[in-house]
Amino acid sequence: MTAVAAIYRAGLRQLISGKRVWGLLALATLPAVVTYLGGRNFTASRAFDFFHEAPLFMTVIIVIPVVCLIIGSAALGEERRGNTLSFLVLRPIRRVMITAAKLAAAWSVSFGIVAAGWIVNIVALAISGGGASPLVPGLFLIALNTLLYCGVFVALGYITDRAVFIGLAYVFVWENGLAGFIEALSPLSIWRVGMSAYIAMVDGLPSEILDVLGSVQPGAFGAFAKTAVVAALFSSFTAGLLRARDVT
Amino acid sequence: MTTPLTSPAEVTDPTVEVRDLSKWFGQKVAVSGISCSFGPGITGLLGPNGAGKTTLLRMITGLLTPSEGSVAVLGSNPRTAPKIYRRVGLVPEEDAVYTYLTARSFCEYSASLNGVSDVARAATDALEYVGMMDAADRLIGEFSKGMRQRTKVAAALVHEPDILILDEPLNGTDPLQRAKLIDLFRSLARAGHTVIVSSHVLGEVERMTDRVLAMVDGKLAAAGSISAIRGAMADIPYRVRLDVDSPNRLGAALLEHGHVRSVSLEGDVLHAETTDLATLGRALPRLARGLDVRLTGFQPEDESLESVFRYLVRRR
């Protein structure tokens, strides 16, 4: 357990260091600017609806995937590119413990960044009169979606140097393109998992928001269970890659 | 996996055994059919750059999967038995360090990963051991190459491994640091540890150990004591360039010299092939004086380690 905690701590330090965190924090607070500027002349109920038309989707469709892509792909990708992977893998610990600790570190940093932006966003909503009821459901959504995306992007960062490019293509072509247009594919979209929990937890949402889920049913527990399973699967998958692939 | 001792590449009490090991990357063969073993004490893995030393060490540590053959470290396959890493330390050739950590936190991290109970104490001991206590709390990113090397050695020693694998550990170190590290490796060997050190510098290896495995082009070129390898090198033909005002006369005289195998002319330059460079060097001035020719240059053309090893491989 000490080894896993050590990898987690070192992973946090690795991912927090550098300027990227500041850039991602700026990106994460962008929806708050939209909430404030767009909602300041609305009534309370209109401000609430507006929040669910633009700023929420900015967070879910752009901020969370991009933050997780940059942070998640760096978690093992930087170890590989920096030749430090051998330092990690030549240890008397199971590879899945390494990938789980790396995933936990990437998730913590990603969640921290997006959650900070979300809190500012909710403050902007409250200032506009839209209330603060989306705060906790939103944090839950962020927790689930950052974990899912990090699971995918930690593996991707280990596999390829082009993780950011491929990840962006995945997010915008698959998640926001095909999985949106073809209803049968919507359960395979990551952001709809957290969104299904959010919709189940927030009262008074505009009815059109249900359309974005496609064939996915709203439900917090189902989303949580799906996230846990997918994160565990990806952790094991990445560990399998670590075992099978040469460390060059 | 213990096998009868059949060649100088084997030891009687192996901790690491390599059998018919090969590794290729696409069309390129990096290691070809190597069998050898390592035991307590220092073994030098000698060979020019690109000889396959790093690939062999990476297969021994389990970082690379062999294309053919097998590796056993303490009786286990390192790729399937990570528990053996509690008893193995690696100093890789490349800068495998976290530049944003201090030397102390890097060693503490290494100790934590190996399940050491008193991490702080182990890191301090290891840093003291390599003479890095003065810089223990500085960021590795600020270190010179030599300091990084010593930090890597400290991180590899922090859990007191039985087997220490060092890939070109003296690269970038100054003569004083080099001497200290060599003393350190020798003291570990005296204490019964298995130390495998790769280097492309014969002199470095010679100062550490008498047991050497020489590699070139992915193959074992020679194995055994340095003196035995030097003996094997004794009949290597050296090519020598001679600048002389009358190459034909000197060439003819050289052919009658017992240590010259052949001579050739390229323009005004005379080339001779000899198996005894030193004797030829001593005899040449006298020979030139006797023939009344003016000798202005005597230059061995092909005495690199690589060419020596290539010769040994061809001869095997």
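Not measured: the values here are computed from a predicted model.

With that out of the way, let us pick up the interface of chain A and chain B. Tallying the contact residues gives 25 residues for chain A and 28 residues for chain B. Counting the surface lost from both chain A and chain B, the interface buries some 2,400 Å², and carbon and sulfur atoms represent 60% of this. On the chain A side of the interface with chain B, the three residues burying the most area are Phe87, Leu90 and Pro92 of chain A, jointly 28% of the side's total. Asp246 of chain A serves as the salt-bridge partner of Lys23 of chain B, at 2.7 Å between the closest nitrogen and oxygen. Applying the counting rule to chain A against chain B returns nine residue pairs in polar contact (both at pLDDT 80 or more). Sorting the residues of the side of chain A that touches chain B by element identifies α1 (2–16), α5 (85–89) and α10 (220–244) of chain A as the ones contributing at least two each. It is α1 of chain A that provides the largest number of residues to the side of chain A that touches chain B, a total of six residues. Per-class residue counts for the side of chain A that touches chain B are 12 nonpolar, six polar and seven charged.

What follows deals with helix α6 (residues 95–127) of chain A. The end-to-end C-alpha separation of α6 of chain A is 48 Å, in line with the 48 Å expected for 33 residues at 1.5 Å each. Among the residues trailing α6 of chain A, Gly129 of chain A stands out with phi positive, at a value near 95°.

Residues and elements named next belong to chain A. Helix α9 (residues 190–201) packs onto helix α8 (residues 163–181) with a crossing angle of 65° between their chain directions and a minimal axis gap of 9 Å. Contacts between α8 and α9 involve Tyr170, Glu175, Asn176, Ala179 and Gly180 from the former and Ile190, Trp191 and Arg192 from the latter. For the contact of α8 with α9, the class distribution of residues is four nonpolar, two polar and two charged.

Let us look at the confidence of the model for chain B. All names here are of chain B. Averaged over chain B, the pLDDT score is 87; the fraction of residues at 70 or greater is 91%. Counting contacts from residues 1–5, a segment whose pLDDT is below 50, to residues more than four positions away or on other chains yields 11 contacts. Reported confidence for the predicted complex is 0.85 by ipTM and 0.82 by pTM.

With that settled, the discussion passes to the sheet that holds strand β2 (residues 28–38) of chain B. Residues and elements named next belong to chain B. Strand order in the open sheet formed by three strands is β2-β1-β4, and the pairing between neighbours is antiparallel. Only two strands of the sheet have a single partner each, and these edge strands are β2 and β4 (68–73). Each strand of the sheet is rotated relative to its neighbour by a mean of 20°, with strand direction disregarded. Note that strand β1 (residues 16–25) and β2 share seven bridges and pair antiparallel. Of the residues in β2, the one forming a bridge with Val16 is Phe38.

What counts, and where the lines are drawn
- Along each chain, the written sequence defines residue order, and numbers are assigned to residues from 1.
- Chain letters and ligand numbers both follow the written order, the letters beginning at A and the numbers at 1.
- Two thresholds apply to this predicted model, a pLDDT of at least 70 for residue-level local features and 80 or more for giving and counting side-chain atom pairs, whereas whole-chain, interface and lining totals are computed over all residues.
- Calculated side-chain values reflect all of the structure's heavy atoms, with hydrogen atoms and water omitted.
- Note on contacts: a residue pair qualifies if any of its non-hydrogen atoms lie within 4.5 Å across the two residues.
- Defined here as a combined quantity, buried area equals the accessible surface (1.4 Å probe) lost by two parts on assembly, summed across both.
- In what follows, salt bridge is the name for a side-chain nitrogen of Lys or Arg lying within 4 Å of a carboxyl oxygen of Asp or Glu.
- Residues adjacent in sequence count toward polar contacts only when both atoms are side-chain atoms; beyond that, a polar contact is any pair of N or O atoms within 3.5 Å, and within protein one must be able to donate a hydrogen and the other to accept it.
- Helix numbers and strand numbers start at the N terminus; a helix is a DSSP run of H or I with at least 4 residues, a strand a run of E with at least 2.
- As a working rule, the residues Ala, Val, Leu, Ile, Met, Phe, Trp, Tyr, Cys and Pro are called nonpolar, Asp, Glu, Lys and Arg charged, and the rest polar, with Gly in that last group.
- To estimate the expected span of a helix, count its residues, drop one, and scale the result by 1.5 Å.
- Throughout, an axis means a line fitted to C-alpha atoms (over the contacting stretch in the case of helices), and angles, computed between N-to-C directions, take values from 0 to 180 degrees.
- Along the chain, pLDDT gives the predictor's confidence residue by residue, from 0 to 100.
- At least two bridges found by DSSP between two strands is the condition for calling them paired.

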